[in-house]
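# Structural description and commentary
If you want the building blocks of each chain, they are given just below.
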Amino acid sequence: MKNILKFLKPHIVSVMVIIAVLVLQAYCDLSLPGYTSDIVNVGIQQGGIDEHIPEKITKTDLNNLFLFMKKEDIETVQKAYKAEKENYVLKDIEHTEKLEKILNRPMLMVSELEANVKGKSMGLKEVKMLPEEQRIKMLDKMKEMPEAMLEQASTIYIKNAYEKVGMDTDKIQSTYILTTGGKMLALAFLGMLVSVMVGLLASRVAATTGRDLRSGIFKKVVGFSSAEFDKFSTASLITRSTNDIQQIQMVIVMLLRMVLYAPIIGIGGVVKVLRTNVSMSWIIALAVIMISILVFTLFIIAMPKFTMLQNLVDKLNLVTREILTGLPVIRAFSTERHEEKRFDKANRELTRTNLFVNRAMTFMMPTMMLIMNGVSVLIVWVGANGINDGQMQVGDMMAFIQYTMQIIMAFLMICMISIMLPRASVSATRVNEILTSETMIQDAKQPKQIEEKKEGSVVFDHVSFHYPNAEEDVLHDISFVAEAGKTTAFIGSTGSGKSTLVNLIPRFYDVTDGSICINGVDIKEVSQHDLREKLGYVSQKGILFSGTIASNIMYGNANGTKEEMEEAAKIAQAEEFIEEKPRQFDSIISQGGANVSGGQKQRLAIARAVAKNPDIYIFDDSFSALDYKTDVTLRKALQEHTADSVVLIVAQRISTILHAEQIIVLDEGRIVGKGTHKELLKNCEVYKQIAMSQLSEKELKKDIEGKEESIHE
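Heads up: these notes are all about the structure in this document. (Residues numbered from 1 in each chain as written. Predicted model: local features only at pLDDT ≥ 70, side-chain atom pairs only at ≥ 80, totals over all residues. Heavy atoms only, no water.)

### A short note on the overall build of the chain
- When its secondary structure is counted, the chain shows 28 helices and 15 strands.
- In terms of overall dimensions, the chain is more spread out than a globule: its C-alpha atoms have a radius of gyration of 45 Å, far above the 27 Å expected for 713 residues.
- Across the 713 residues that make up the chain, the buried fraction comes to 47%.
- About 37500 Å² of surface is accessible on the chain, with carbon and sulfur atoms providing 56% of the total.
- Side chains of the chain carry 81 positive and 86 negative charges; the gap between the two charge centres is 5 Å. (Helix = DSSP H or I, 4+ residues; strand = E, 2+ residues; numbered from the N terminus. Rg over C-alpha atoms; globule rule 2.2 N^0.38 Å. Buried < 20%, exposed > 50% of the residue type's maximum accessible area, 1.4 Å probe, protein only. Areas by Shrake-Rupley, 256 points an atom, 1.4 Å probe, with all protein chains shown as cover. Lys, Arg positive; Asp, Glu negative; His and termini not counted. Charge placed at Lys NZ, Arg CZ, Asp CG, Glu CD.)

Following this line, the structure appears as structure tokens:
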């Protein structure tokens, strides 16, 4: 949760706007039950009369009320009303509460006496003949009467009083209902607009956050060294930048739309309930306790499984990626059944965990509905008794039910987000791991510039290296100088450290001990961008990007000319097969170069390095897929083009490096030989063994004897 809030921090202004709009929405939603209660209580039961003292009354009716008042109360009422012909009109509207306390019981008493006019019991005429003290004592019997009953009786009296003065009570009722209904419609429409606005704002914030996170992860991953790629698998990085961010994006919408709204509507509902009827507030407390127990139980059961889900998604992605990329090998070895079982196992594990979580959460909804319906029944039961006792009205009970449902729905919203929040929290942690990870290879605080020199060089000075968390060094005390205009080649058995050595130059890894200098400047003191601008790198595996042949060749020299592109293709011996294609340089290259052969892929990768025209060329076993004739022609053309550059070649075939000015022989990470081909044949046993495995006896004899001619010329 902490990480999700951290991702929302840049959008704090938008979040504050959403909160303000949610408060307005809550006001609309919380006002509607009150208006419903008013329509039932006032509009229907009270005939649209919402005042508790008559605004207009006949002199006769007012004199009848005076029969049950003390002298001081009569004076107060007389001051509040103004005589107009045969009627009295209320003029003091500031002291209505005081007048209500004086008039409510007399109005009830007069109503009862007027109802008894048929002589079933004492009527108003008989009461007038009683002494004042006895009339006042009759009111004492009404002291224990509920306030709600007094209000209803007052309304009945006021309605009759209005009819006597000639007021249209039917119009009063219809006007009240239409006015109140109009307010409800206006609030409902405003609530709808506000709800749409909140949805749009929440979606915008979530989408922007997702975009920023994807951008942040991409920028971070692009800057990763090989050590970080070893730590975070490719499958995991893909999951984190897609599925994990999607989880975060969805939960942000829910947070802004529901979780922020829940406490606002919940607190507002509690306030409204306490104003409506305090005696039934214990029902809400009971409902909240039951819901809290349910949510807590589900969390204990489901939370551990949420943590597992994203790791299982990683595992499924990894298996899927391996199967899809290795499909030719799988078919060649007829291991489809084995791979199907492997995929099925990963798929079933994810499905099983998902089912467990979903089943646990589906149990929540029916239980919540049971609690909500049970609470509704309980409110009706308790409320009906209250109505029967005159403690509350029907409209108040209806409003109480609606407020209670709003409070419970607030908790239900939080419960719904609780389904997504644990998984999103795990996703946020995984995304944050990428964003906060420290890249092992950093630029110097004050980077230096590599000077342009006619006679440049790459110098390894007592370089040792071991991979992160490895116990032993892969390279031991490597020292040599590679000069411009000369080719330095590296050869050795598999695993001797050749590729590792050249990968230290672009700083894919940093040396453990010693230093690497280019033109006298330590590469650690140069920015990675400036360093790599000097390099033309061809990896062991020729990597092409989806696009065209032209876009791949000019990948490192976007502003290069067409002539430079054609020259690079010609040097790399790619011109022939490019011209055979209908669209030539505009021919499409599919993802990973799947629509070209291995040799064509290598030649395009070499052309890409040549087109950049760098100071240093690094060929990491980049000629292995070429036939002998193409290899010889390419190296001859390359030698002419790289006359002023440092050329470093990693090779498995001796024929590729026969004419290198310096050949370095590696064995178990150590230099065991250094010199030309002929020199190494004489004084390096490891090189001699490699040569014997690749060259004929006749070729070896000629080279050892130092003769000039060679069948490789």
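### Quick notes on the sheet that holds strand β15 (residues 670–675)
- Strand order in this open sheet of six strands is β9-β12-β13-β6-β14-β15, and the pairing throughout is mixed. Each end of this open sheet is capped by a strand with a single partner; those strands are β9 (535–538) and β15. Pairs of neighbouring strands in the sheet enclose a mean axial angle of 15 degrees, with direction left out of account.
- For strand β14 (residues 662–667) and β15, the ladder comprises five bridges, and the chain directions are antiparallel. Of the residues in β15, the one forming a bridge with Ile663 is Gly675.
- On the sheet, helix α27 (residues 685–694) packs against β6 (487–492), β14 and β15 and is oriented at approximately 95 degrees with respect to β14. (Pairing = 2+ DSSP bridges. Axes fitted to C-alpha atoms, helices over the stretch in contact; angles between N-to-C directions. Contact = heavy atoms within 4.5 Å.)

### Observations regarding helix α24 (residues 628–641)
- Compared with an ideal rise of 1.5 Å per residue, which puts 14 residues at 20 Å, α24 spans 20 Å between its outermost C-alpha atoms and is within 8% of the ideal.
- Taken as a whole, α24 has its buried residues at Thr630, Asp631, Leu634, Arg635 and Leu638. Here the buried residues of α24 occupy an arc of 125 degrees about the axis, which is enough to place them on one side. Exposed and oriented more than 90 degrees from the buried face of α24 are Lys629, Lys636 and Glu640. (Expected span 1.5 Å × (residues − 1). Arc of directions from axis to C-beta.)

### What about unusual backbone geometry?
- Notably, His462 is not glycine yet its phi reads approximately 50 degrees, a positive angle.
- The topology assignment puts His462 in strand β4 (residues 457–465).
- Backbone geometry places Asn519, a non-glycine residue, at a positive phi of 50 degrees.
- Judged by its relative accessible area of 12%, Asn519 falls in the buried class.

### Some words on the side chain of Thr209
- In this structure, Thr209 sits in helix α9 (residues 169–222).
- Residue class for Thr209 comes out buried when judged on its relative accessible area of 2%.
- Of note is the side chain of Thr209, whose polar atom sits 3.3 Å from the side chain of His11.
- A polar side-chain atom of Thr209 sits 2.7 Å from the main-chain carbonyl oxygen of Val205.
- Residues within four places of Thr209 in sequence aside, it is in contact with Phe7, Leu8, His11 and Ile252. (Polar contact = N/O pair within 3.5 Å; in protein donor to acceptor, adjacent residues only side chain to side chain.)

### Quick look at the pairing of strand β7 (residues 513–518)
- Pairing of β4 with β7, which is carried by five bridges, proceeds in the antiparallel orientation. Counted as the bridge partner of Phe460 is Ile516 from β7.
- In the sheet, β7 pairs with strand β8 (residues 521–522) via two bridges, with the strands oriented antiparallel. What sits directly across from Ile518, in β8, is Val521.
- Counted along the chain from β7 to the antiparallel partner β8, the turn is two residues long, and its residue Asn519 has a positive phi close to 50 degrees.

### Focus on the pattern of salt bridges
- Within the structure shown, the criterion is met by 11 salt bridges.
- With a shortest N-O distance of 2.7 Å, Asp244 and Arg430 are connected by a salt bridge. Here Asp244 is found in helix α11 (residues 234–259), whereas its partner Arg430 is found in helix α17 (residues 394–436), with 186 residues between them in sequence. This pair shows no difference in class: Asp244 is buried, exactly as Arg430 is.
- Two residues, Lys534 and Asp615, come together in a salt bridge whose shortest N-O distance is 3.4 Å. With Lys534 in the loop between α19 (528–533) and β9 and Asp615 in the loop between α23 (598–612) and β12 (616–620), the pair connects residues that are 81 residues apart, well separated along the chain.
- The exposure class assigned to Asp615 is partly exposed, which follows from its relative accessible area of 31%. (Salt bridge = Lys/Arg side-chain N within 4 Å of Asp/Glu carboxyl O.)

### Focus on the packing of aromatic side chains
- Per the stated rule, a full pass over the model turns up eight aromatic pairs.
- Each ring, one from Phe465 and one from Tyr509, has its centre 5.4 Å from the other, and the planes form 55 degrees; the classification is tilted. Within this pair, whereas Phe465 is found in strand β4, its partner Tyr509 is found in the loop between α18 (498–503) and β7, the two being separated by 44 residues in sequence. The residues Phe465 and Tyr509 share a single accessibility class, namely buried.
- Note on Tyr467 and Tyr509: the rings are 5.1 Å apart at their centroids and 85 degrees apart in plane angle, and the pair reads as edge-to-face. Of the two residues, Tyr467 is situated in the loop between β4 and β5 (475–483) and Tyr509 in the loop between α18 and β7; the sequence distance between them amounts to 42 residues.
- Residue classification places Tyr509 among the buried residues on the basis of a relative accessible area of 11%.
- Through successive ring pairs, a cluster of aromatic residues spans Phe460, Phe480 and Phe490. (Phe/Tyr/Trp six-rings, centres within 6.5 Å; stacked < 30°, edge-to-face > 60°.)

The values reported here are purely geometric and, on their own, carry no functional implication.
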